[in-house]
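Below are the chains, spelled out letter by letter.
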Amino acid sequence: QVQFVESGGGLVQPGGSLRLSCAASGSIFSIYVMAWYRQAPGKQRELVATITSGGSTNYADSAKGRFTISRDNVKNTVSLQMNSLKPEDTAVYYCNAIRVTGSFPWGQGTQVTVSS
């Protein structure tokens, strides 16, 4: 079983930046495709970005050119650098693995609020 602890969220003005971090327990972290998701109030959770164990990345259209996902397989962490933030980026952000058998239990997430 793998558990995740997300951090780094906060209140930021439009155009600002935040760096989210996710610490994963479990020695098998490095084999998984990891992802950041977000869930805005009243909306379904959506995929934001993914990164393979080898570092290949993919982004939702809403994140392309503004967000950068990265990982450290030694420290068992995955990060999301978010630049040029918009009010519509406001959400709770979560990390998890992408698996055929389904997600691991979700962490508490980290709140990102973009507002002036």
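Above: the structure in question.
Residues numbered from 1 in each chain as written. Predicted model: local features only at pLDDT ≥ 70, side-chain atom pairs only at ≥ 80, totals over all residues. Heavy atoms only, no water.

Participant: Please provide a residue-by-residue account of the side chain of Gln 81, values included.
Facilitator: With respect to the helices and strands, Gln 81 occurs in strand 8 (residues 77-82). There is a polar contact of 3.4 Å between the side chain of Gln 81 and the side chain of Arg 19. A polar side-chain atom of Gln 81 sits 2.9 Å from a polar atom in the side chain of Asn 83. When near neighbours in sequence (up to four residues on either side) are disregarded, Gln 81 contacts Ser 17, Leu 18, Arg 19, Arg 66, Phe 67 and Thr 68. (Helix = DSSP H or I, 4+ residues; strand = E, 2+ residues; numbered from the N terminus. Polar contact = N/O pair within 3.5 Å; in protein donor to acceptor, adjacent residues only side chain to side chain. Contact = heavy atoms within 4.5 Å.)

Participant: Give me the lowdown on the sheet that holds strand 2 (residues 10-12), citing residues and values where you can.
Facilitator: Strand order in the open sheet formed by six strands is 2-10-9-4-5-6, with mixed pairing between adjacent strands. Each having just a single partner strand, strand 2 and strand 6 (57-59) make up the two edges of the open sheet. Adjacent strand axes in the sheet meet at a mean angle of 25 degrees, parallel and antiparallel pairs treated alike. Relative to strand 9 (residues 91-98), strand 4 (residues 33-39) runs antiparallel, the two being bridged by seven bridges. Residue pairing for strand 9: Ala 35 is matched across the bridge by Asn 96. (Pairing = 2+ DSSP bridges. Axes fitted to C-alpha atoms, helices over the stretch in contact; angles between N-to-C directions.)

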